[in-house]
Amino acid sequence: MNDWNLSVEQAVEFIEWCIERGITTFDHADIYGGDHRNEALFGEALKLEPSLREKIEIVTKCAISVPNARNPHIKTRFFNTDKEYILTQVNDSLDKLQCGYIDILLIHMFDLLIDPRELNETLLQLQSEGKVKYFGLSNHSPLEFDTLQKYSDINFVTHQFMLNPLGIQNYQNGTMTHCLKEGISPMIWSPLAGGRIFKPTSAVEENMHNVLEAIRQEQGLEHLDEVIYKWIFKHSSNPVIVLGTGNKERIERAIKSAEGPELTKEQWYKILVEAGYTLW
Amino acid sequence: MNDWNLSVEQAVEFIEWCIERGITTFDHADIYGGDHRNEALFGEALKLEPSLREKIEIVTKCAISVPNARNPHIKTRFFNTDKEYILTQVNDSLDKLQCGYIDILLIHMFDLLIDPRELNETLLQLQSEGKVKYFGLSNHSPLEFDTLQKYSDINFVTHQFMLNPLGIQNYQNGTMTHCLKEGISPMIWSPLAGGRIFKPTSAVEENMHNVLEAIRQEQGLEHLDEVIYKWIFKHSSNPVIVLGTGNKERIERAIKSAEGPELTKEQWYKILVEAGYTLW
Amino acid sequence: MNDWNLSVEQAVEFIEWCIERGITTFDHADIYGGDHRNEALFGEALKLEPSLREKIEIVTKCAISVPNARNPHIKTRFFNTDKEYILTQVNDSLDKLQCGYIDILLIHMFDLLIDPRELNETLLQLQSEGKVKYFGLSNHSPLEFDTLQKYSDINFVTHQFMLNPLGIQNYQNGTMTHCLKEGISPMIWSPLAGGRIFKPTSAVEENMHNVLEAIRQEQGLEHLDEVIYKWIFKHSSNPVIVLGTGNKERIERAIKSAEGPELTKEQWYKILVEAGYTLW
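Residues numbered from 1 in each chain as written. Chains lettered and ligands numbered in written order. Predicted model: local features only at pLDDT ≥ 70, side-chain atom pairs only at ≥ 80, totals over all residues. Heavy atoms only, no water.

A.B. asks: Tell me about helix H8 (residues 203-219) of chain A, and name the residues and values.
C.D. replies: Residue and element names in this part refer to chain A. Spanning 17 residues, H8 covers 24 Å between terminal C-alpha atoms, matching the ideal 24 Å at 1.5 Å per step. Every buried residue of H8 is accounted for by Glu 205, Met 208, His 209, Val 211, Leu 212, Ile 215 and Arg 216. Relative to the axis of H8, the buried residues are bounded by an arc of 165° and lie together on one face. Summarising the geometry of H8, the exposed residues directed more than 90 degrees from the buried face are Ala 203, Gln 217 and Glu 218. Check the buried side of H8 and you find it contacts helix H9 (224-233) and helix H11 (265-274). (Helix = DSSP H or I, 4+ residues; strand = E, 2+ residues; numbered from the N terminus. Expected span 1.5 Å × (residues − 1). Buried < 20%, exposed > 50% of the residue type's maximum accessible area, 1.4 Å probe, protein only. Arc of directions from axis to C-beta. Contact = heavy atoms within 4.5 Å.)

So this is what it looks like as structure tokens:
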């Protein structure tokens, strides 16, 4: 939310506006905005209006090491799931968020050096201390997910990864099917491909724009983003969308997209195939 | 069988000819011949000679939506595993086949929008109604197969997919090994690559033709197709072959290929490597 | 060891030298040196100094058929896991090694024609006859490993495959993560990429050389190979390294690398990324 240049008062207003519309989950990460800065603004809002906390769910993430106040000398980004590191990051997140607990903590990336037994201990400790209620993963392959779940006494409740009509690798590599298999509702980030779908700059993007626009007209929808939201929502794993925007009209269209007529199967497959999926 | 321009009487004769030679499984799909047309001819034969039914096993498939009488307006082919749709397709197949039950129903392609719990309900209903005895999948990846099996109370009895010396992707992507793991005998379609092996039109096809021809001579076999059938049969999962031909000589050679001397391991690997498999 | 031109006396001396330094596992294969020749030299050493046998563990492998005394006419290399073949190869290995048992027998490659139930019988027989104590696989994919393990009453104790900073495919294809999942310590062959890292002949190799050299200096290590050994050792699956060298200085550095300061996470990931791994 830092990118949106909100004051603390505006942040409170925005959070309340979301809650009124049924959006109660807010997605953070230690690195968003740089070194807990987004969490800090959100925490200021919670401090100003403490009654908000019990009305919302806070998701945050850690495991990506980038240069920050504690570790200014990092040159290469890497992943870290050591117990000490995760506990430190969660404590910092709780400090910045100015609240006593996180609802869902996600391991932000698969750490190839992870010790799955140590991770299990770390998560159990965070849960028993009341610092984190639920846990999930982000950007893991099916095998990586299964490996960590095998050693974890706690069932992961979600898997957050990228999906949009310009980036369907998580359909192609089986990650979406894996969610279905494990009964997990994925959290989808970058549903609009950073806006590239609306302002195409290549033939591929132009083609997808036209495909979506034709379906928008068929469905009588107001805006292209509704076609995309409906395309994501239609999967049986019940995906939820992570909106990286403060644009209230866009948020309202996302809410609206979860209701009303779904895309037809033919429309849904048309988008998938035009996105490059090989059906045959 | 429509493609072969058989009369109903000729179809009866052909089916009886097959049964006499121990071929008792007949492979159909709702879309073969276009909108149940192949099933309809087969059904006419069963009506003319009802005693055939108990001597054979009928396989049919559904899940691919193409334009047909019920849905003339489809422009993009897509997959559909909704309960209502599958029940309709099976009822139509039973009508056209003019018989009371299907032996094995295959889900023709993996429907990315599938609800595995709904599929389970659908298959249980079809089984309890006596309309279908057994079930299987076709053209699924190992993960897709495992996902549907996990939610299915009924064990799938087969997996039908393509394999031939010009198309070994189901060795490369693990599908053949997955059959071994799950104890499933695959049904192999397109074993002769649509005849391309016999009339090569590229350097790759020419090379495979020569490799197979050399092995045919080493083994003293009559025809190239016997080399291919023996190559497919040699896998420990006990594959069966789906013959898309009414050519009686070819069928007799396929039967003969299941018996007699197998290819040597060296011959078998020679074909695999020349087909592009990376052993090292 | 044949390649190193050792006399039997020198081989005894070398084995004793290794044992004194805590290296007690010796890696063989029926085909190393050609037709059991490496095993034969090792066996001569054991005959000359029988007390060595109980101080060491012998690993050997079979399943790759190449032309040899028994089968001189093989033109195409292939894999063979027939019971009769494995029993013959193990008996030949025991003859050449001049000892009563093998500690760990590895199936050298995945035989696409394998009958997993027959393999299970073969391994049980070898174990009950006292000819082999433990079993493992080499160069299998995760699915291939799981398939054979599913049918095996004996738990495989290791998986041997290639890994080095110029060849990270077993990180990319999930094999390293699979070891973590199954709790297996991998045995890593070709850790130094056949020496190519030390004498780069391409821009890719030159770049990796420079990356490793910079880390060597940061860590104050004596030689590049120590950086590589430490990079391999850092994975949580506790990899062990197969040294294909008689160079005593190199062996001593490998031993030293298992102790002392580890690479930092940042250094470890730097090597992985420069090796071509896509983190994002």
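Alright, that's what it looks like, and here's the rest.
A.B. asks: So, the interface of chain C and chain A: which residues are in play, and what are the values?
C.D. replies: As a measure of interface size, the accessible area lost when the parts come together is often cited. Counting residues at the interface gives 20 residues for chain C and 24 residues for chain A. With both sides pooled, the region where chain C packs onto chain A buries about 2,100 Å², and carbon together with sulfur makes up 66% of that total. Inspection of the region where chain C meets chain A yields three salt bridges. Glu182(C) is paired through a salt bridge with Lys150(A); the nearest N and O atoms lie 3.7 Å apart. (Buried area = accessible area lost by both parts, 1.4 Å probe. Salt bridge = Lys/Arg side-chain N within 4 Å of Asp/Glu carboxyl O.)

A.B. asks: Go over unusual backbone geometry with me, naming the residues and quoting the values.
C.D. replies: All names here are of chain A. One non-glycine residue with positive phi stands out, namely Asp 35, at about 55°. Considering the arrangement of structural elements, one finds Asp 35 in the loop between strand E1 (25-27) and helix H2 (37-48). Classification of Asp 35 by relative accessible area gives partly exposed; the value is 31%. Of note, Asn 238 is a non-glycine position whose phi angle comes to about 60°, a positive value. Position of Asn 238 relative to the elements: it lies in the loop between H9 and strand E9 (240-241).

A.B. asks: Kindly report on the relation of the copies chain B and chain A, identifying the contributing residues and their values.
C.D. replies: Between the two copies, chain B and chain A, the superposition gives an RMSD of 0.0 Å; the rotation angle is 120° and the shift along the axis is 0.0 Å. With respect to symmetry, the two chain copies, as superposed, fit the operation of a three-fold axis. Using C-alpha coordinates, one finds that chain B approaches the rotation axis most closely at Leu143(B), a distance of 6.2 Å. (Least-squares fit on C-alpha atoms with pLDDT ≥ 70 in both.)

A.B. asks: Quick rundown of the environment of Ile154(C)? Include the residues and the values.
C.D. replies: Residues and elements named next belong to chain C. Mapped onto the elements, Ile 154 comes out in the loop between helix H5 (142-151) and strand E7 (158-162). Overall, the relative accessible area of 9% leaves Ile 154 in the buried class. Through-space distance from the C-alpha of Ile 154 to that of Gln 127 is 9.4 Å; in sequence the pair is 27 residues apart. Ile 154 has contacts with Asn 120, Leu 123, Leu 124, Gln 127, Phe 135 and Gln 149, leaving out every residue within four places of it along the chain.

By themselves, these figures tell us nothing about what the structure is for.
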